[in-house]
4 protein chains.
Amino acid sequence: MSKDRHDRDSLIIPPHYRKLKRGPQVILPKDIGAIITYTGVNKNSICVDAGTGSGWLAVSLAKVAKHVTSYDIRDEFTQIAQKNKEMEQLDNLILKKGDVTKKISEKDVDLVTLDMPSSEKALKNAHKALKTGGYVVGYLPHFEQVSKFVDNLNKLKFNNLLTIEVIVRDILVREQGMRPSTKGIWHTAYLVFAQKQ
Amino acid sequence: MSKDRHDRDSLIIPPHYRKLKRGPQVILPKDIGAIITYTGVNKNSICVDAGTGSGWLAVSLAKVAKHVTSYDIRDEFTQIAQKNKEMEQLDNLILKKGDVTKKISEKDVDLVTLDMPSSEKALKNAHKALKTGGYVVGYLPHFEQVSKFVDNLNKLKFNNLLTIEVIVRDILVREQGMRPSTKGIWHTAYLVFAQKQ
Amino acid sequence: MSKDRHDRDSLIIPPHYRKLKRGPQVILPKDIGAIITYTGVNKNSICVDAGTGSGWLAVSLAKVAKHVTSYDIRDEFTQIAQKNKEMEQLDNLILKKGDVTKKISEKDVDLVTLDMPSSEKALKNAHKALKTGGYVVGYLPHFEQVSKFVDNLNKLKFNNLLTIEVIVRDILVREQGMRPSTKGIWHTAYLVFAQKQ
Amino acid sequence: MSKDRHDRDSLIIPPHYRKLKRGPQVILPKDIGAIITYTGVNKNSICVDAGTGSGWLAVSLAKVAKHVTSYDIRDEFTQIAQKNKEMEQLDNLILKKGDVTKKISEKDVDLVTLDMPSSEKALKNAHKALKTGGYVVGYLPHFEQVSKFVDNLNKLKFNNLLTIEVIVRDILVREQGMRPSTKGIWHTAYLVFAQKQ
C-alpha cells in the first residue's frame, strides 16, 4: 500500500468535523485544541461562548466540558449550530439568542470564549460571569483587535495574559519522499488568554 | 495597569500545568490540544497511552475522556505520573507497567497515543486494541521516525493518514508596541494520525 | 566523520559575518538577503541607508552594489561601522553623520533602506532621493510601526507595497536523526517594500 | 489613497522578477536572498550553478557576482535561461550544456549551487572546483535528499555545515486592519550550506 493515502484535506477538517455544517467561517481544530489545553477545560467545566457562528467551538467544548451556553445575536447562525448540536447529540449545549456585550446570565463559569467583531466590549460581562481563576479567550484575526482587547483586559482584574498564534503545518509523507506541503493555511486568528484574578 | 503583565512562561506551560511534576521531557499543551481535537476525544472516549513519561498527556486526556490507561516500562516515570494523577484527582486514569510492543490488554478503544523510542513497533497491537474508526497518534521528534511509522501504518488497515507539526508563536503586547517574541520553541515533534479502517 | 559537525551558530551569523563588529542590534543575513532579492540590488545600484547602526546592512549592500551612503545621527555607531568598512575594504561605502528625516543629499538612487525609531518620517526625503522604480524598504520590529509606515507610504507616490516577515529555521542533521532545532529566532522585524511611481 | 494597494503577488515574484520567463519550477527570491548572504557572494565572486532550469538563480547571482557559469543537461531549460540572460543583459553569465556529476571545468570558484535530482553526486566535483573557504549550497525539497547530501558532505573536506529552511510570510496591511495572509507558500526546499576546508 502506498504512502500516498495521506489525507491532505484533514489538515483543516479532520474526519469527525467534516460531517458538521459550516457557515462562511469556522474556528478550526488547531485553535480549538489550544483553547482546551491552555485553559484546562475538562469534564467539570462550565463554559460560555459568543458568537456561536457555525457552532464548531461550542460543539467541541460541549464534547469535553460539563455545560456550554453559546450566544449569538444572528438567527441564521444559531440554526446551523442547532443542526450541528443535534448531529452530535449534545444535551449539555444551550444555544441562546443574545448580546453578551449587554448581558451574560451565567455565573461562576470556568471559561468565556469571545469571537465577535468587538469582543473587547464583552470583557466586563465576561469578568462578572467568570469564577476566580476562570479564563477568558479572545479569537482575534487582526492586530488592532488584539491591541484593543489587551487594553480592555488591563482595565479589569485579569492576569496571566498570553497572546499566541497557533500554526499547523502539513507534512507530506510519500513514495517520492517526505516534505512539508508547498502551500497551506498561515493565519486564522490570534488567541488572547487571561485569567480572572 | 501595564500591558507588560504578559506572561511569557505560559507559552510552554499554562498556569494549570505548572503545578504538575515533570521529568526531562513532557508533551506540551500545544501538541496535546491538537491530539484532542484531531481525534475527537470526548467524555465517552476510552484511551490507551504509552509511554507514560511524566504523564502530562495521560493526565490531560483523563481530564476530558472517560477512561485512560497509560503504559510505561520504566518505574521512575510511573512515579512522577502517579503524583500528577493524585494532584489532579483522576480516578479514571490507570498507570500500568508494561510494554505495548508486546501486549495491549484493552479492547475497543477510541484512541492509542504512542510516544516511545520505537513507536512503530506498537502499531500492530494498537490496531488490535482500537475500535473501527478509532485513532492512533504517533508523537515523533525526528523525520526518520515519521518515515518508519508511516511505513508500518501502511502495512496495516489504517486510513486518513495525516502528519502535522503544531507551532505556537508568542505575541508580545506591550506599551512600546506589539510584536512576536524574538526567540521561542520551534519544534517538539511531528504528530502522525491514522484511523483504523 | 559525524553529521554532528553541523554549525548551529551560523544560523544567525554565517562565518563571513562573524569577523564583523557589532553593537546591541544588527540586521541579520536572513533579512539582508530578502532586501537584496526583493529590490533587485545589483552591481549598478546606488543605495542610501539609515541609520547605519553597526553597518551590517550597509556593508552587505556595498559588497553587491555600486555605491552605498549610510547615514546615522549617532557617533558611536558610525565608529563600529567604520571598522567594519575597513575590515571589508569597501571604498564604495560612505558613512555620513546626518539625519535623513531632515535631508538626503543623494539623487536618482535605486534603494533607500530605513531602520530608525521613526522611519516613516524619512519617507518624503526617500521619495525625493529615489529614481522612478527605485525601492524604499522599512525594517520595522513592531506592528504599530508598520501601520504608520504604510499610512505614510500611501500619502506619497509609491506602489507595489509589500510587507513580509522572513523566518529562517535551523534543521539539525545528526547521527540520531534529522529534525528542526527545538528553539530559535522567531522574529526580528517586518520588512515593508514599496516602489517609487 | 487606500492601504489596499498592497501587492499580494509580489510575495513570490517581486516586479523585477516578473519579466523573466519561467519553466515549471523556479528558485524563489526568498531562497536566492539567503544563498547570497549566507555565502557572502559579492562583486568579486566566481560562481558555478547546476542545473540551470529557468535560470532565475543563475541570473540573480550574475547580477551581484563577477562571473557565473550555469550547467544543465537539458536543452529546453537552457533556452529559457538564455532568454532571461538576454533580457537582463548579463555578459558575465555563461550557460553551458553539461553534467556536473561528471565534470566541472572551473577552478578556484567561490560558490557552487546545486539544484538537481541527485545533487549529492556532484559534491566531489564541487569540492575540486571550489577554493578553500568557498561554499557549496544544495537546494533540496525532500528530507531524504538532505540526509544523503549531508552524508556525502561528511565524506569530503567540508565544514561549517548548516541546513535551513527560509520562510516568507505575507502581512496584509489594509483599511480593515493588519494581519498575516490566510494562505501562502510554506515550503520550497531546504538549503544546505558547507564550506570547503
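The model shown is predicted, which means the values in this text are computed figures rather than measured ones.

Rules used in this analysis
- Residues numbered from 1 in each chain as written.
- Chains lettered and ligands numbered in written order.
- Predicted model: local features only at pLDDT ≥ 70, side-chain atom pairs only at ≥ 80, totals over all residues.
- Heavy atoms only, no water.
- Phe/Tyr/Trp six-rings, centres within 6.5 Å; stacked < 30°, edge-to-face > 60°.
- Helix = DSSP H or I, 4+ residues; strand = E, 2+ residues; numbered from the N terminus.
- Buried < 20%, exposed > 50% of the residue type's maximum accessible area, 1.4 Å probe, protein only.
- Contact = heavy atoms within 4.5 Å.
- Buried area = accessible area lost by both parts, 1.4 Å probe.
- Salt bridge = Lys/Arg side-chain N within 4 Å of Asp/Glu carboxyl O.
- Polar contact = N/O pair within 3.5 Å; in protein donor to acceptor, adjacent residues only side chain to side chain.
- Nonpolar A, V, L, I, M, F, W, Y, C, P; charged D, E, K, R; others polar.
- Patch = residues over 30% accessible without salt bridge, like charges linked within 9 Å, V, L, I, M, F, W, Y side chains within 5 Å.
- Areas by Shrake-Rupley, 256 points an atom, 1.4 Å probe, with all protein chains shown as cover.
- Lys, Arg positive; Asp, Glu negative; His and termini not counted.
- Charge placed at Lys NZ, Arg CZ, Asp CG, Glu CD.
- Pairing = 2+ DSSP bridges.
- Right-handed = clockwise from strand over helix to strand, strands pointing away.
- Least-squares fit on C-alpha atoms with pLDDT ≥ 70 in both.
- Expected span 1.5 Å × (residues − 1).
- Arc of directions from axis to C-beta.
- Axes fitted to C-alpha atoms, helices over the stretch in contact; angles between N-to-C directions.
- Parallel < 35°, antiparallel > 145°, perpendicular 65-115°, else oblique.
- Left-handed = near helix turned anticlockwise from the far one by under 90°.
- pLDDT = per-residue confidence, 0-100.

Asker: Summarise the packing of aromatic side chains; cite the residues concerned and give the values.
Answerer: In total, this model carries 16 aromatic pairs over all chains according to the counting rule given. A ring pair is formed by Phe143 of chain A and Phe143 of chain C, whose centres lie 3.4 Å apart and whose planes are at 20°; its orientation type is stacked. Of the two residues, Phe143 of chain A is situated in helix 6 (residues 143-154) and Phe143 of chain C in helix 6 (residues 143-153); the pairing between them involves two chains. There is no split in this pair, since Phe143 of chain A and Phe143 of chain C are both buried.

Asker: Describe the interface of chain B and chain A, listing the residues and the values that go with them.
Answerer: Contacts between the two partners involve 60 residues from chain B and, on the opposite side, 60 residues from chain A. Where chain B abuts chain A, roughly 4600 Å² becomes buried across the two surfaces, and 58% of that area is made up of carbon and sulfur atoms. There are zero salt bridges connecting chain B and chain A. Taken together, the links from chain B to chain A amount to 17 residue pairs in polar contact (both at pLDDT 80 or more). Elements with a minimum of two residues in the side of chain B that touches chain A: helix 1 (15-18), helix 2 (29-39), helix 3 (56-64), helix 6 (143-154), strand 6 (158-174) and strand 9 (190-196) of chain B. Among the elements that make up the side of chain B that touches chain A, the one with the highest residue count is strand 6 of chain B (15 residues). Looking at side-chain class alone, the side of chain B that touches chain A contains 31 nonpolar, 17 polar and twelve charged residues.

Asker: With reference to specific residues and values, describe a positive patch on the surface.
Answerer: A cluster of basic side chains, namely Lys103, Lys107, Lys124 and Lys128 of chain A, defines a positive patch on the protein surface. Inspection of the secondary structure puts Lys128 of chain A in helix 5 (residues 123-129).

Asker: Go over the pairing of strand 2 (residues 67-72) of chain D with me, naming the residues and quoting the values.
Answerer: Residues in a regular strand point their side chains to alternate faces of the sheet. Residue and element names in this part refer to chain D. Counting buried positions along strand 2 yields five of six residues, so the element is predominantly enclosed. Inspection of the sheet shows strand 1 (residues 46-50) paired to strand 2 by five bridges, in the parallel sense. Within strand 2, the position partnered with Cys47 by the bridge is Val68. Considered for its hand, the β-α-β crossover made up of strand 1, helix 3 (residues 56-64) and strand 2 is right-handed. Inspection of the sheet shows strand 2 paired to strand 3 (residues 93-97) by five bridges, in the parallel sense. Within strand 3, the position partnered with Asp72 by the bridge is Lys97.

Asker: How would you summarise the relation of the copies chain B and chain A if you had to cite specific residues and measurements?
Answerer: Relating the two copies of this chain is a rotation about some axis coupled with a shift parallel to it. Under the fitted operation, chain B is carried onto chain A by 0.0 Å of movement along the axis and a turn of 180°, and the coordinates agree to an RMSD of 0.0 Å. Both copies of the chain, as the preceding transformation shows, are related through a two-fold rotation axis. By C-alpha distance to the rotation axis, the residue of chain B lying nearest is Gly33 of chain B, at 1.9 Å. Mapped onto chain A, 100% of the interface residues of chain B are again interface residues, and the two copies thus contact each other with one and the same surface.

Asker: Can you lay out the pairing of strand 7 (residues 177-180) of chain B for me, pointing to particular residues and giving the numbers?
Answerer: Residues and elements named next belong to chain B. Burial of the side chains of strand 7 extends over both faces: Gly177 and Arg179 are buried on one face and Met178 and Pro180 on the other. In terms of strand pairing, strand 6 meets strand 7 through four bridges, oriented antiparallel. Directly across from Arg174, in strand 7, lies its bridge partner Gly177. What sits between strand 6 and strand 7 in their antiparallel hairpin is a turn of two residues.

Asker: Go over the pattern of salt bridges with me, naming the residues and quoting the values.
Answerer: Evaluated as defined, the whole model comprises 36 salt bridges over all chains. When the shortest N-O distance is used, the salt bridge between Asp31 of chain C and Lys30 of chain C registers 3.2 Å. Take Asp31 of chain C: its relative accessible area is 0%, and that puts it in the buried class. With a shortest N-O distance of 2.9 Å, Lys131 of chain C and Asp110 of chain C are connected by a salt bridge. In this pair, Lys131 of chain C sits in strand 5 (residues 130-140) while Asp110 of chain C sits in strand 4 (residues 109-114), placing the two residues 21 residues apart along the sequence. Taking the relative accessible area as the measure of exposure, Lys131 of chain C reaches 32% and is therefore partly exposed. Through salt bridges that share partners, Lys19, Lys63 and Glu88 of chain A make up one connected network.

Asker: With reference to specific residues and values, describe helix 4 (residues 75-87) of chain A.
Answerer: Residues and elements named next belong to chain A. In this model, helix 4 (13 residues) spans 19 Å end to end at C-alpha, consistent with the 18 Å of a helix rising 1.5 Å per residue. Turning to helix 4, its buried residues number three or more, namely Phe77, Thr78, Ala81, Asn84 and Lys85. When helix 4 is viewed along its axis, its buried side chains cluster within an angular range of 120° and face the same direction. Packing partners of the buried residues in helix 4 comprise helix 3 (56-64), strand 2 (67-72) and strand 3 (93-97).

Asker: Please give an account of the packing of helix 2 (residues 29-39) of chain D against helix 3 of chain D that cites residues and values.
Answerer: Residues and elements named next belong to chain D. Close contact between helix 2 and helix 3 brings their axes to 10 Å; oriented N to C, the two are set at 40°. Considered as vectors, helix 2 and helix 3 are oriented oblique to each other. By crossing handedness, the relation of helix 2 to helix 3 is classed as right-handed. Contact residues: Ile32, Ile35 and Ile36 in helix 2; Trp56, Leu57, Ser60, Leu61 and Val64 in helix 3.

Asker: Can you break down the confidence of the model for chain A residue by residue, with the values?
Answerer: Residues and elements named next belong to chain A. Taken as a whole, chain A shows an average pLDDT of 92; of its residues, 94% reach a score of 70 or greater. Every residue in residues 1-6 is under pLDDT 50, and counting partners more than four places away or in other chains gives 26 contacts. Interface confidence for the predicted complex, expressed as ipTM, amounts to 0.95; the pTM equals 0.95.

Asker: Can you tell me about unusual backbone geometry, naming the residues and giving the values?
Answerer: Residue and element names in this part refer to chain A. Geometrically, the link from Ala50 to Gly51 is a cis peptide bond, its omega value of -10° lying close to zero. Relative to the assigned elements, Gly51 resides in the loop between strand 1 (46-50) and helix 3. With a phi close to 55°, Asn160 is a non-glycine residue in the positive phi region. Asn160 gets classed as partly exposed once you look at its relative accessible area, which sits at 21%.

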